[in-house]
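Structural description and commentary
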Amino acid sequence: MKKIIITLLAVVLFSSCGEYNKLLKSTDYEYKYEAAKNYFAKGQYTRAATLLNELITILKGTDKAEESLYMLGMSYYNQGDYQTAAQTFVQYYNVYPRGIYTELARFHAGKALYLDTPEPRLDQTATYSAIQQLQMFMEYFPQSSKKDEAQEMIFALQDKLVMKEYLSAKLYYDLGIYLGNNYLSCVITAQNALKDYPYTNLREDLSILILRAKYEMAVYSVDDRKPERYRETIDEYYAFKNEFPESKYLEEAERIFKNSEKVLGE
C-alpha cells in the first residue's frame, strides 16, 4: 500500500512538473496569466513569480499587467524575499499611483522593509527606510484600516533606533577614559537619544546612564574642574529622581548623590 501511494505521488509530481515546463515555453499569455493566478492562489509563489515576471512586460498597458505586478510583489513577500518585494511594490505605486492596489502596495512596501530590518547592533539604514515608507503610507492613506498596524510598526522601528543609541552610549560608558573622555561621548549620545525619542521605553535606562557618566567625569576630572562637575552630577541626580521617583536604579542614584555631596563638603 505504501509503495502504491509513493508511486501515485511520483506520477502526480512528474505530471505537475511536466505541465509547468510546458507552460514556461507556451506563448499563450492569457493561459499563462490564469495559471500564474492559480499558482498564486495555491501558495506556489515561486512558480507564480516566474510566470508573472514575464507577464508584466508582455501585458503592459492592460489591467492584467497591473494585477500581475501586484501579485508579483506579494509572491516575493510571501516567500520572505522582502527586499525584492519592497522594490516591486514601490515599482507598482510609481507606475500606478491611483491603481486598484496602490494602498496595499504602499503598506506592504513598508511592512516588507520592516520585516527585513536588522538587529539594533547593526547598521540601521534599512530601519530608516522602513520608517519612511510607513510614514508615506500613512500620509497618503490616513483613513486606511491598516493605519494602526503601520503606526505600531513605526513605534517598534523607533524602539530599535533608540536601542542602537543606548548600546552606543553604553559602549562609550564601558570604555571610560580609554584613549580619551568616553564618558562625555556617552552623555551626548544618551541626551541626543532622549531628545529625538522623548517617549521611549528606554528613557529611564538612558537617564541613569547620563547620571553615571557625569559622576565618572567628575571622579576623573582635574582638581580645578571637580567641583563644577560634581555639582552637575548632583543636578542630574535631582532631575533623575524627580522624573523616576520609584526607579529601579534609585539606590544607585542615591549612592552617587551622597558620594558627590561628600566630595563637595570636604
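Coordinates for the structure precede this section.
Predicted model only: the values in this text are computed from it and were never measured.

**Observations concerning the overall build of the protein chain**
Helix and strand counts for the protein chain come out as 12 helices and zero strands. Helices and strands appear in the protein chain in the N-to-C order α-α-α-α-α-α-α-α-α-α-α-α. Seen through its C-alpha atoms, the protein chain measures out along the principal axes to roughly 90 × 50 × 35 Å. Classification of the 266 residues of the protein chain by burial places 42% in the buried group. Long-range pairs, those at least 24 residues apart, make up 54% of the contacts in the protein chain between residues at least 6 apart in sequence. For the protein chain, the accessible area works out to roughly 15600 Å², and carbon and sulfur atoms hold 52% of it. Between the mean site of the 32 positive side-chain charges and the mean site of the 37 negative ones, the protein chain shows a separation of 6 Å.

**So, the layout of surface pockets**
Approximately 210 Å³ is the volume found for the largest pocket. In this structure, the largest pocket is lined by Phe-155, Gln-158, Asp-159, Val-162, Asp-196, Tyr-197, Pro-198, Tyr-199, Thr-200 and Asn-201. For the lining of the largest pocket, the element with the most residues is helix H8 (residues 147-175), which contributes four residues. Tallied by class, the residues present in the lining of the largest pocket amount to five nonpolar, three polar and two charged. Counted as a void, the second largest pocket has a volume near 160 Å³.

**A word on the environment of Tyr-77**
By the secondary structure assignment, Tyr-77 is in helix H4 (residues 63-79). According to the relative accessible area criterion, Tyr-77 is buried, its value standing at 12%. Counting along the chain gives 32 residues from Tyr-77 to Tyr-45, while the straight-line C-alpha distance between them is 9.2 Å. Beyond its immediate chain neighbours, meaning those up to four positions away, Tyr-77 contacts Tyr-82, Ala-85, Phe-89, His-108, Lys-111, Ala-112 and Leu-115.

**Brief notes about the packing of aromatic side chains**
A complete count under the given rule lists 17 aromatic pairs for this structure. Taken together, a centroid distance of 5.5 Å and an interplanar angle of 75° make the contact between Phe-40 and Tyr-45 edge-to-face. Classification of Tyr-45 by relative accessible area gives partly exposed; the value is 21%. Aromatic rings pair up to connect Tyr-70, Phe-89, Tyr-92, Tyr-96 and Tyr-101 into one cluster. A cation sits over an aromatic face here: Arg-106 above Tyr-93, 3.8 Å from the ring centre. The cationic tip of Lys-146 hangs over the ring face of Phe-107; the distance from NZ or CZ to the ring centre is 5.0 Å.

**Considering the packing of helix H6 (residues 102-115) against helix H7 (residues 125-140)**
Axis separation between H6 and H7 bottoms out at 8 Å; the angle between their running directions is 160°. When the axes of H6 and H7 are compared, the pair comes out roughly antiparallel. Classified by chirality, the crossing of H7 by H6 is left-handed. When H6 is examined against H7, the residues Glu-103, Arg-106, Phe-107, Ala-109, Gly-110, Lys-111, Leu-113 and Tyr-114 are found in contact with a partner set consisting of Ser-129, Ala-130, Gln-133, Leu-134, Met-136, Phe-137 and Tyr-140. Along the lines of polarity and charge, the residues of the contact of H6 with H7 split into nine nonpolar, three polar and three charged.

**As for a nonpolar patch on the surface**
On the surface, a nonpolar cluster with roughly 550 Å² of combined accessible area is contributed by Leu-171, Tyr-172, Leu-175, Tyr-178 and Leu-179. Along the polypeptide, Leu-179 turns up in the loop between H8 and helix H9 (182-196).

**With respect to the packing of H8 against helix H10 (residues 203-219)**
Packing of H8 against H10 brings their axes to within 11 Å, and their N-to-C directions diverge by 20°. Relative to H10, the element H8 is oriented roughly parallel. Between H8 and H10 the crossing geometry is left-handed. Within the contact between the two elements, H8 uses Val-162, Tyr-166, Ala-169, Lys-170 and Tyr-173 and H10 uses Asp-205, Leu-206, Leu-209, Arg-212, Ala-213 and Glu-216.

Conventions we followed
Residues numbered from 1 in each chain as written. Predicted model: local features only at pLDDT ≥ 70, side-chain atom pairs only at ≥ 80, totals over all residues. Heavy atoms only, no water. Helix = DSSP H or I, 4+ residues; strand = E, 2+ residues; numbered from the N terminus. Buried < 20%, exposed > 50% of the residue type's maximum accessible area, 1.4 Å probe, protein only. Contact = heavy atoms within 4.5 Å. Areas by Shrake-Rupley, 256 points an atom, 1.4 Å probe, with all protein chains shown as cover. Lys, Arg positive; Asp, Glu negative; His and termini not counted. Charge placed at Lys NZ, Arg CZ, Asp CG, Glu CD. 1 Å grid on protein atoms, 1.4 Å probe; cavity = no way out; pocket = protein on both sides within 12 Å on 5 of 7 lines; lining within 4 Å. Points joined across faces, edges and corners; volume = space filled by probe spheres on them. Nonpolar A, V, L, I, M, F, W, Y, C, P; charged D, E, K, R; others polar. Phe/Tyr/Trp six-rings, centres within 6.5 Å; stacked < 30°, edge-to-face > 60°. Lys NZ or Arg CZ within 6 Å of the ring centre and 35° of its normal. Axes fitted to C-alpha atoms, helices over the stretch in contact; angles between N-to-C directions. Parallel < 35°, antiparallel > 145°, perpendicular 65-115°, else oblique. Left-handed = near helix turned anticlockwise from the far one by under 90°. Patch = residues over 30% accessible without salt bridge, like charges linked within 9 Å, V, L, I, M, F, W, Y side chains within 5 Å. Salt bridge = Lys/Arg side-chain N within 4 Å of Asp/Glu carboxyl O.

Honestly, that's just the spatial picture; any functional story needs more than this.
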